[in-house]
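Next come the chains, spelled out residue by residue.
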Amino acid sequence: MLRLTVNGTVREVDAEPDTPLLWVLREQVGLTGTKYGCGVAACGACTVHIDGVATRSCSLPVSEVKAGQNILTIEGLSPDSSHALQKAWLDHDVPQCGYCQSGQLMAAAALLAANPKPTDDEIAAEMTNICRCGTYNRVRAAIRQAAGVTG
Amino acid sequence: MTVHFKPSRRGFLAGSAATAAGLTLGFHVPLVGEAAAQSAPPEVNAWVVVKPDDTVVIRIARVEMGQGTLTGLAQLAAEELEADWSKVTTEYPTPGQNLARKRVWGNFSTAGSRGIRESQDYVRKGGAAARMMLVQAAANEWGVPAGECRAQKGVITHVGSGRSVTYGKVAEAAGRLEAPKDPPLKDPKDWTIAGQPLKRLDTAGKLNGSQVYSIDMKLPGMLNAAIRDCPIFGGKLKSFDAAKVESMPGVRKVVRVGDTGVAVIADTWWRAKSALDALPVVWDEGPNAKLSSAAIAETLKEGLTAEQAFVGNQAGDVKAAIAGAAKVVEATYSFPYQHHATMEPMNATARWTPEQCEVWTATQNAEAALATAVQAAGLPIEKCDVHRLHLGGGFGRRSSSHDFVRQAVLIAREMPGTPVKLIWSREEDMLHGRYHPITMAKMTGALDASGNLVGLHMRLAGQSILASINPAGLQNGKDPATFQGLNSGGAEGVFGYAVPNLLIDHAMRNPPIPPGFWRGVNNNQNALYLECFVDELASAAGKDPLEFRRAMLGKSPKHLAVLNAVAEKAGWGTPAPAGVHRGLSQHMGYGSYVAACAEVRVEADGSVKVLRIVAATDPGHVVNPQQVAAQIEGSFAYGLSAALHGEITILDGKVEQENFDTYPVIRMAEMPRVETIIMPSGGFWGGVGEPTIFVAAPAVLNAIAAATGKRLRNMPIKTEDLRRV
Ligand code: FES
Ligand code: FES
């Protein structure tokens, strides 16, 4: 049994040590908001925070998560969708299919935590998540709004 | 939205009350044929349910895959219903229910940008009829003529007495009334819900992880499956050594899937995939084991000059025009295979018993998914049903083939009574796409002494989608869809230019790579070939690309209007910022007129930066301008991905690109600013999910030619070809 702290709660999970954190979250912990897109750290759909750092969970063996590290998933970003980014996402009607948006939001939240007033270039440099629906301009506009910066 | 669906008082013969939300919570899962829930609120008609608390449920036959159709269709029904928009929710009926009710909801197919334009009339009538029935029920209760009552925002008022009642109070009585035939519809100029830039109905769950996608499906006792289908097109499964992996953690069974695939069933998907990766498999490589992109290109090239070709559009005598031309311009273009690469890989959950089969999946066409499930299940259609779950992207992939449904059912048959969820890995998804067809074009233009285009021969060579997916749709061997946007008439896609001598023909060459409908479909290459070549002709004639086009669009006022709109807004004819160059493009397809002006900069190292796109669309009517703008932005992201990066190549009978590291797509840093001009001229209904994609690549290629003097004729754009240092 592995012990993980997910969204502030300690969970015991039964998984082989080389199982990617993504699949432990989705299948053993039962939190499916974190998405599978590529499995090779190329798309960002699986982004979670580990002690605040944006991490592509599809490529992190669960055994590499250290005891006591806090894993934050989209389900834990705020209790009631009240994070400034979630509100900005709603204002800009960002999602289309929405599949990439958990990852986009988690990447954006880590970005703003580290850099509260990013420039457009800094946003583009950090936000490398793929969105096949093409919501990029709205993602950027929503990040700007949440950060209180104007383009 | 909720996917919750309860059979109505009228009942569904083949209905099932299974709901995604209920299922994830482990509720009882009723199967096909079980008794309908009795507590369900009654429907007013097939389209509208009003609950006692005044919540309005609008049934949506077409599917939401990100394009906003769900919200748009709800707006149209709610408009005629005179509903209170804040109380509107939606739900999907199943194809089994549709069948049992003589297809009361019509076609479920969501492709060809048809979600709204093809169904708007009967969806609006569904809302209007429900409103009339609700008003009549209130009038009956009050003993007054219905004509004295008014409905507004979900409340019916008797004008004379001031009495009022909400829809929820009279819904049950309304459902018992005779439905009016052919209810009159509002004039779009009087719309207050439709036509407005309303927010989408399906956003909240996409912001907190609660939206259930098909890949998130959970059922009590469910197992998971990972599959490997023969990666070589036309190959088969020879053998596999199950004993090597059967004792791996969680593994329940290793099964053959049809003639071509093998799957591992395990308690979790990751364990299934781990065992599959370790499974020794031998393939029978079949007849295409040596097939390569180079060989495919040769086949197509031969078609460019072949004697025999299907004629799509013809006027005058093009041969004579070319022979007598003051100047002849020739060019050959190509457009490669593309992958849909939906963010959510293909997947489906199935439960099979000898008596019944149910499938839960993300599909653009639940009726086609049901047909596939029925075949794989070996059961009568009344014993099968498909429940629609949210799609993580479609773009045509989830309407081109339901191979994943077939596989899921075949796998579930190996575990009778146990639900099994099949998920394709990204690699499996890349190797088993339904690819945008590969084509080439040989363009020949005849200019007269004053630089007017007097003859044009457009010889297309390449793959037909219909020949593979729906051979019954061919007309004496010809695939009419290969001429999308190039037709001489009709409402779908008309060649806009007046060219006295014209020949557009198609030499069909079908390599053994499965093609599919890819956002924009054949309009993509047709617009690219034509619009880039028109720029080449303008240049040969020494004319401005805008003026050259205008001179040929006098009889195509709608084509011309969108072109003029982008030219004006982009500042065509005025200097662009230093180092920035512009390119134009226009096209008509899926009933809509579109144009774009791209602004690009090409760096000395050959890299292309698309800075700004001005896009105009005239779709006739606009149901939600905010969503139309989102579709235009998205279509450029998709189209520019193809132009800048997209190419699927074949080596040894197999796709070479297996993931996003070798099949790059655009990300935020490459996304241009998109300025949209939405200019509905009324009187017709065109699509919006696809059309603007047609003009993305040609506008950019024309701008690149303006910037560098180099004409790129093969997609995708290659930096090496533009390098100056
Ligand atoms: S699924 Fe992890 S980056 Fe794509
Ligand atoms: S919203 Fe569909 S992939 Fe981003």
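Residues numbered from 1 in each chain as written. Chains lettered and ligands numbered in written order. Predicted model: local features only at pLDDT ≥ 70, side-chain atom pairs only at ≥ 80, totals over all residues. Heavy atoms only, no water.

## Concerning the overall build of chain B
Inference 1: Per the secondary structure count, chain B includes 19 helices and 26 strands.
Inference 2: By the compact-globule yardstick of 27 Å for 725 residues, chain B fits well, its C-alpha radius of gyration being 27 Å.
Inference 3: Considered along the principal axes of its C-alpha atoms, chain B spans approximately 80 × 80 × 50 Å.
Inference 4: Residues counted as buried form 63% of the 725 residues belonging to chain B.
Inference 5: Taking all contacts inside chain B whose residues are at least 6 apart in sequence as the whole, residues at least 24 apart take part in 77%.
Inference 6: Counting 74 positive and 70 negative side-chain charges, chain B places the averaged centre of each group 2 Å from the other. (Helix = DSSP H or I, 4+ residues; strand = E, 2+ residues; numbered from the N terminus. Rg over C-alpha atoms; globule rule 2.2 N^0.38 Å. Buried < 20%, exposed > 50% of the residue type's maximum accessible area, 1.4 Å probe, protein only. Contact = heavy atoms within 4.5 Å. Lys, Arg positive; Asp, Glu negative; His and termini not counted. Charge placed at Lys NZ, Arg CZ, Asp CG, Glu CD.)

## Points about the sheet that holds strand β15 (residues 357-361) of chain B
Residues and elements named next belong to chain B.
Inference 1: Ordered in space as β9-β10-β7-β17-β14-β15-β16, the seven strands form an open sheet in which the pairing is mixed. Each edge of the open sheet is held by one strand with a lone partner, namely β9 (251-257) and β16 (384-388). Geometrically, the sheet is characterised by an average inter-axis angle of 20° between neighbouring strands, direction not taken into account.
Inference 2: Sheet strands in contact with helix α6 (residues 269-278) are β7 (223-229), β9, β10 (261-266) and β17 (420-423), and its direction is about 30° off that of β7.
Inference 3: Seen against the sheet, helix α11 (residues 403-412) touches β7, β9, β10, β14 (347-352), β15 and β17 and runs at an angle of roughly 35° to β14. (Pairing = 2+ DSSP bridges. Axes fitted to C-alpha atoms, helices over the stretch in contact; angles between N-to-C directions.)

## A closer look at the sheet that holds strand β18 (residues 439-447) of chain B
Residue and element names in this part refer to chain B.
Inference 1: Taken in spatial order, the five strands line up as β12-β20-β19-β18-β13 in an open sheet, and their pairing is mixed. Looking at strand neighbours, the two that pair on one side only are β12 (310-315) and β13 (327-335), the edges of this open sheet. Across the sheet, the mean angle from the axis of one strand to that of its neighbour is 10°, orientation sign disregarded.
Inference 2: Where β18 and strand β19 (residues 453-462) come together, nine bridges link them in antiparallel fashion. For Thr439, the partnering residue across the bridge sits in β19 and is Gly462.
Inference 3: Its contacts with the sheet place helix α7 (residues 293-304) against β13, β18, β19 and β20 (501-508), and it is angled at close to 30° to β18.
Inference 4: Contacts from helix α14 (residues 523-541) reach β13, β18 and β19 within the one sheet, and its direction differs from that of β13 by about 150°.

## Here we look at the domain arrangement of chain A
Residues and elements named next belong to chain A.
Inference 1: By domain assignment, chain A separates into domain 1 (2-76) and domain 2 (84-147).
Inference 2: For domain 1 and domain 2, the distance between their C-alpha centroids amounts to 21 Å.
Inference 3: Each partner contributes residues to the interface: domain 1 has 15 residues there, and domain 2 has 11 residues.
Inference 4: A combined buried area of about 1100 Å² lies between domain 1 and domain 2, and 60% of that area is made up of carbon and sulfur atoms.
Inference 5: The tally of links from domain 1 across to domain 2 stands at zero salt bridges.
Inference 6: Along the contact surface separating domain 1 from domain 2 lie six residue pairs in polar contact (both at pLDDT 80 or more).
Inference 7: Contributions of two or more residues to the side of domain 1 that touches domain 2 are made by β3 (47-50) and β4 (53-56). (Domains from an automatic or database assignment. Buried area = accessible area lost by both parts, 1.4 Å probe. Salt bridge = Lys/Arg side-chain N within 4 Å of Asp/Glu carboxyl O. Polar contact = N/O pair within 3.5 Å; in protein donor to acceptor, adjacent residues only side chain to side chain.)

## Observations concerning the UniProt feature "domain: Aldehyde oxidase/xanthine dehydrogenase a/b hammerhead" (unreviewed entry) in chain B
Inference 1: UniProt's feature table lists "domain: Aldehyde oxidase/xanthine dehydrogenase a/b hammerhead" (unreviewed entry) at residues 208-287 of chain B, given in the numbering used throughout.
Inference 2: Note that residues 208-287 of chain B is 12% helix and 36% strand, and that its end C-alpha atoms are spaced 49 Å apart. (UniProt positions renumbered as here; feature names shortened; annotations may be inferred.)

## Points about the interface of chain B and chain A
Inference 1: Contacts between the two partners involve 59 residues from chain B, matched on the other side by 51 residues from chain A.
Inference 2: Buried surface at the junction of chain B and chain A, summed over both partners, amounts to about 4500 Å²; 55% is from carbon and sulfur atoms.
Inference 3: Counting every contact that joins chain B to chain A gives five salt bridges.
Inference 4: Across the pair A:Arg26 and B:Asp216 runs a salt bridge, and its minimum N-O distance is 2.9 Å.
Inference 5: Across the contact surface, chain B and chain A share 36 residue pairs in polar contact (both at pLDDT 80 or more).
Inference 6: For the side of chain B that touches chain A, the secondary-structure elements that each account for two or more residues are α6, α12 (426-431), α17 (625-644) and β26 (673-678) of chain B.
Inference 7: Among the elements that take part in the side of chain B that touches chain A, α17(B) stands out by supplying 10 residues, more than any other.
Inference 8: Considered class by class, the residues forming the side of chain B that touches chain A number 27 nonpolar, 19 polar and 13 charged. (Nonpolar A, V, L, I, M, F, W, Y, C, P; charged D, E, K, R; others polar.)

## Overview of the pairing of strand β2 (residues 9-13) of chain A
Residue and element names in this part refer to chain A.
Inference 1: Where strand β1 (residues 2-6) lies against β2, five bridges are found, and the strand directions are antiparallel. By the bridge assignment, Leu4 is partnered in β2 with Arg11.
Inference 2: In sequence, β1 turns back onto β2 through a hairpin of two residues, with Asn7 there showing a positive phi of about 50°.

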